[in-house]
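Close look at the chain arrangement
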Amino acid sequence: MTMQAASTEIASRTAAIIDEMKGLEGPLLPILHSIQEEFGHVPKDALPVIADGLNLSRAEVHGVVTFYHDFRARPAGRHVLKLCQAEACQSMGSDAVAAKVKRLLGIDFHETTRDGSVTLEPVYCLGLCACSPSAMLDGEVIGRLDDEKIEEIVAEVRS
Amino acid sequence: MIPRIYVPCDSGAIALGADKVARAIEAELKERGVEAKIVRNGSRGAYFLEPMVEVATDNGRVAYGPVKPSDVKSLFDGGFLNGGHHKRWLGAPDKIPFLAKQTRLTFARCGINDPLSLDAYKSLGGLRGLQNAVAMAPADVVKQVTESGLRGRGGAGFPTGIKWKTVLDTAGTQKYIVCNADEGDSATFADRMIMEGDPFVLIEGMAIAGIATGATKGFVYIRSEYPHAVATMNKAVAIARKAGVLGLSVLGSPNAFDMEIRVGAGAYVCGEETSLLNSLEGKRGVVRAKPPLPAIQGLFGKPTVINNVISLASVPIIMDKGAAYYKDFGMGRSRGTIPIQIAGNVRNGGLFETAFGLTLGEIVDDIGGGTASGRPVKAVQVGGPLGAYFPRALFDTPFDYEEFAKRDGLIGHAGITVFDDTADMLKQARFAMEFCAIESCGKCTPCRIGSTRGVEVLDKVAAGIEAEKNLALVTDLCNTMKFGSLCALGGFTPYPVMSSITHFPEDFKPAPARVAAE
């Protein structure tokens, strides 16, 4: 029963988002962003509603959702920590930063800690290439990561 | 007059603590009972000095940097509101060598004022280009842009005016201006900086493009990794609309032009123009075959100008000061200025706008000041993840589209990443293949599968398994990718791979020999 209720709830909130945005030219990406903002991920139950609302096949919607790295199939941890792993950050030791963060959190990239506190992800460039190595914690940018800043971040996401 | 203190709101400055510095200044003002206005300006781009705080004094601006929150008390003690001395004192910002040596055309205003003050924008020459454009025939606007010699700053270097002319000459009930702000290349941040630091210049450039080609609608497609740029652009568009810069009557003229900000979703390949158009349409960001050119059948099948942020942001000054003024800078067929982004392991990292023609060595050693680690420079990757790695031996290459092409490289979006002698070029070559595999849209087999095979073969080289034979295989694979891929992702991934193999062969020797050599 609760599953049923959750699914209806998702459908109605999704329908409201679609109603609001379907007048846009090329509305699918803005709709998916709004859904992810609403639910923290793009729930499977939202896909048929989107397909119906935009007159697309479910396969088309599924294809778009899975193409883009940003859209999550499952909710993330309470915090999302993204570590830049692109060349400019590599030149300043982003490999070592990633290894240290992974060790301290006990998880690999694309994983969430067991207590649900943090999801760790690689990101390929935050545009902070003159402030490498860089990271983004819940949308906040952090440059010139060093041991002290890494430990601060880990303490923050764990608290 | 109430003193004004400038603390950048650029995300690079914020990443280095600018928000904390601003809060510390605010608290200190309160504690001392001093009245002053804190203005959040853009960044001037000298990131090695960020957060760079400026104070407006009777003798002009005085800069301090890099300022830490713990410096704030002593700044006040030293009388920094009057430009007083302090260990972080830098003097007049435009006299700081890194900034004084630049030729700022596109970034002329960036970092000086509150990015969202339209009055400040106008006070420094903003909207003059658009005012001129609305009084001209569209074909004359296109002609002026063509004559300026401006080429696509996204990386391809295609003449902007010629692209515009095709759209102008193509009949269509609806035409679009699309701004590619999907700046995914590592080492590049010029688009981000201008959107966060001088958003109206991009809006003005897009409005001019609209008037020149008959397009009435624009989209800026910004990558989701740039939340600050998205927020600033959204606010700027609302302000421009309210002020009549955008809307049914641009600056009171009969021309209509409006625009929307759209956010990408983490796909690097969407920086490729045709996959960006698919993404805007709400599809998978898969590359389209050309022809048809986007200028003829672009967004929703309609004639579309698709230009990079910096190309569009360079248009207002061309329309303000004329084609000849802009064309006067530069060398060969590379005219005007280019914002070079000096990044990675470098002492003086930041954005350096200059006329084309400086050599790579001047950029890295003289302006960049060598590595941040203090070790020797081993390699410089120019043009992002799809650009070639240059060794010191090629540091005499002038910064110019054609000169870089002659040396099997590209300037791309003009980002350069400096690596010191601890870099392992085999690892960098492998990463190029790995990145291509992660980001491939999947349309072309050489890109989709070749990149994965490339990683595997390079792993064999690293393990010392038939290194020579496997390197020959990588070379062959790169050739297939280069000529068998539709877009630059598969087509240019061979640049970093082959340049690593060609210029740094010692890093590809079998493992035992590498150990022995060390």
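Predicted model, so just to flag it, every value in this text is computed and none were measured.

Rules used in this analysis
Residues numbered from 1 in each chain as written. Chains lettered and ligands numbered in written order. Predicted model: local features only at pLDDT ≥ 70, side-chain atom pairs only at ≥ 80, totals over all residues. Heavy atoms only, no water. Helix = DSSP H or I, 4+ residues; strand = E, 2+ residues; numbered from the N terminus. Buried < 20%, exposed > 50% of the residue type's maximum accessible area, 1.4 Å probe, protein only. Contact = heavy atoms within 4.5 Å. Rg over C-alpha atoms; globule rule 2.2 N^0.38 Å. Areas by Shrake-Rupley, 256 points an atom, 1.4 Å probe, with all protein chains shown as cover. Pairing = 2+ DSSP bridges. Axes fitted to C-alpha atoms, helices over the stretch in contact; angles between N-to-C directions. Salt bridge = Lys/Arg side-chain N within 4 Å of Asp/Glu carboxyl O. Core = buried A, V, L, I, M, F, W, Y, C linked by side-chain atoms within 4.5 Å. pLDDT = per-residue confidence, 0-100. Patch = residues over 30% accessible without salt bridge, like charges linked within 9 Å, V, L, I, M, F, W, Y side chains within 5 Å. Lys, Arg positive; Asp, Glu negative; His and termini not counted. Charge placed at Lys NZ, Arg CZ, Asp CG, Glu CD. Parallel < 35°, antiparallel > 145°, perpendicular 65-115°, else oblique. Nonpolar A, V, L, I, M, F, W, Y, C, P; charged D, E, K, R; others polar. Polar contact = N/O pair within 3.5 Å; in protein donor to acceptor, adjacent residues only side chain to side chain.

**Regarding the overall build of chain A**
- Along its length, chain A carries 7 helices and 5 strands.
- The linear arrangement of helices and strands in chain A, starting from the amino end, is α-α-α-α-β-α-α-β-β-β-β-α.
- With respect to the principal axes defined by its C-alpha atoms, chain A has extents near 50 × 35 × 25 Å.
- Counting across all 159 residues of chain A, residues that qualify as buried make up 53%.
- Of the contacts made within chain A by residues no fewer than 6 positions apart, 58% connect residues no fewer than 24 positions apart.

**Observations regarding the overall build of chain B**
- Scanning chain B for helices and strands turns up 23 helices and 16 strands.
- Against the compact-globule benchmark of 24 Å for 518 residues, chain B has a radius of gyration of 24 Å, which places it among compact chains.
- Projected onto the principal axes, the alpha-carbon positions of chain B cover approximately 75 × 60 × 40 Å.
- Among the 518 residues that make up chain B, the fraction classed as buried is 61%.
- The long-range share in chain B, meaning contacts at least 24 apart out of those at least 6 apart in sequence, stands at 71%.
- Carbon together with sulfur atoms contributes 54% to the accessible area of chain B, which is approximately 18,700 Å² in total.

**Some remarks on the sheet that holds strand 12 (residues 337-344) of chain B**
All names here are of chain B.
- Read across the open sheet, the 5 strands follow the order 13-12-16-14-15; overall the sheet is mixed. The open sheet terminates on both sides in strands that have one partner only, identified here as strand 13 (350-355) and strand 15 (389-391). Adjacent strand axes in the sheet meet at a mean angle of 30 degrees, parallel and antiparallel pairs treated alike.
- As paired strands, strand 12 and strand 16 (residues 415-420) are joined by 4 bridges and run parallel to one another. Paired with Gly 344 across the strands is Val 418, a residue of strand 16.

**Some thoughts on the pattern of salt bridges**
Residue and element names in this part refer to chain B.
- Using the criterion set out here, one finds 43 salt bridges over all chains in the structure.
- Where Arg 430 meets Asp 459, a salt bridge forms, and the shortest distance between an N and an O atom there is 2.6 Å. Here Asp 459 lies in helix 19 (residues 450-462) and Arg 430 lies in helix 17 (residues 425-439), a separation of 29 residues in the sequence.
- Residue class for Asp 459 comes out partly exposed when judged on its relative accessible area of 32%.
- Overlapping salt bridges bring together Glu 28, Glu 31, Arg 32, Lys 73 and Asp 77 as one network.

**Examining the nonpolar core**
- Within the largest apolar cluster, 171 residues are counted, with the highest numbers of intra-cluster contacts made by Tyr 68 of chain A together with Trp 164, Met 195, Val 220 and Ile 222 of chain B.
- Tallying contributions element by element places helix 10 (residues 199-213) of chain B first for this core, with 10 residues.
- Residues within four places of Val 220 of chain B in sequence aside, it is in contact with Cys 179, Ala 181, Met 195, Leu 202, Met 206, Met 259, Glu 260, Ile 261 and Arg 262 of chain B.
- Grouped together as the second largest cluster of nonpolar side chains are 34 residues, Ile 96, Ile 338, Tyr 401 and Ile 416 of chain B included.

**Quick look at the sheet that holds strand 2 (residues 111-112) of chain A**
Residues and elements named next belong to chain A.
- Ordered in space as 2-3-1-4-5, the 5 strands form an open sheet in which the pairing is mixed. Where the open sheet ends on each side, the last strands, each with one partner, are strand 2 and strand 5 (140-142).
- As judged from the 3 bridges shared by strand 1 (residues 79-84) and strand 4 (residues 135-137), these two strands associate in the antiparallel manner. The residue of strand 4 that forms the bridge with Leu 83 is Ala 135.
- Each of strand 1 and strand 3 (118-123) is contacted by helix 6 (residues 94-105), which is oriented at about 155 degrees to strand 1, the strand it contacts most.

**A few points about the confidence of the model for chain B**
- Per-residue confidence for chain B gives a mean pLDDT of 96; residues scoring 70 or more make up 98%.
- Under the prediction, the complex receives an ipTM of 0.96, its pTM being 0.96.

**As for a negative patch on the surface**
- Together, Asp 138, Glu 140, Asp 146, Glu 148, Glu 152 and Glu 156 of chain A give the surface a local cluster of negative charge.
- Mapping Asp 138 of chain A onto the fold places it in the loop between strand 4 and strand 5.

**Some thoughts on the environment of Pro 227 of chain B**
- Looking at the element boundaries, Pro 227 of chain B is found in helix 11 (residues 227-242).
- Residues Pro 227 of chain B and Ala 372 of chain B, spaced 145 residues apart in sequence, show a C-alpha to C-alpha distance of 28 Å.
- If near-sequence neighbours (up to four positions away) are discounted, Pro 227 of chain B is found in contact with Met 136 and Gly 139 of chain A.

**Overview of the packing of helix 7 (residues 138-148) of chain B against helix 13 (residues 309-321) of chain B**
Residue and element names in this part refer to chain B.
- Close contact between helix 7 and helix 13 brings their axes to 10 Å; oriented N to C, the two are set at 105 degrees. Comparing the axis directions of helix 7 and helix 13 gives the class roughly perpendicular. Between helix 7, through Val 141, Gln 144, Val 145 and Ser 148, and helix 13, the contact on the second element is made entirely by Val 315, Ile 318 and Met 319.
- Partitioning the contact of helix 7 with helix 13 into residue classes produces 5 nonpolar, 2 polar and no charged.

**What to know about the pairing of strand 16 of chain B**
All names here are of chain B.
- In terms of burial, strand 16 is largely enclosed, as 6 of its 6 residues are buried.
- Here strand 16 shows no split at all, with Gly 415, Thr 417 and Phe 419 on one side and Ile 416, Val 418 and Asp 420 on the other all buried.
- Pairing analysis gives 5 bridges linking strand 14 (residues 377-382) to strand 16, with the strands arranged antiparallel. Bridging from a neighbouring strand, Val 382 pairs with Ile 416 of strand 16.

**Notes on the environment of Pro 8 of chain B**
All names here are of chain B.
- For Pro 8, the location among the structural elements is in the loop between strand 1 (4-6) and helix 1 (11-15).
- You can call Pro 8 buried: its relative accessible area is 1%.
- Sequence-distant contacts of Pro 8, that is, excluding residues within four places in its chain, are made with Ala 13, Ala 18, Arg 40, Asn 41, Gly 42, Ser 43, Glu 50 and Met 52.

**What to know about the side chain of Asn 308 of chain B**
All names here are of chain B.
- Residue position: Asn 308 is located in strand 9 (residues 304-308).
- Reaching out from Asn 308, the side chain makes a polar contact with the side chain of Asp 191 at a distance of 3.1 Å.
- Among all residues touching Asn 308, those that are not within four sequence positions of it are Arg 153, Gly 154, Cys 179, Asn 180, Asp 191 and His 413.

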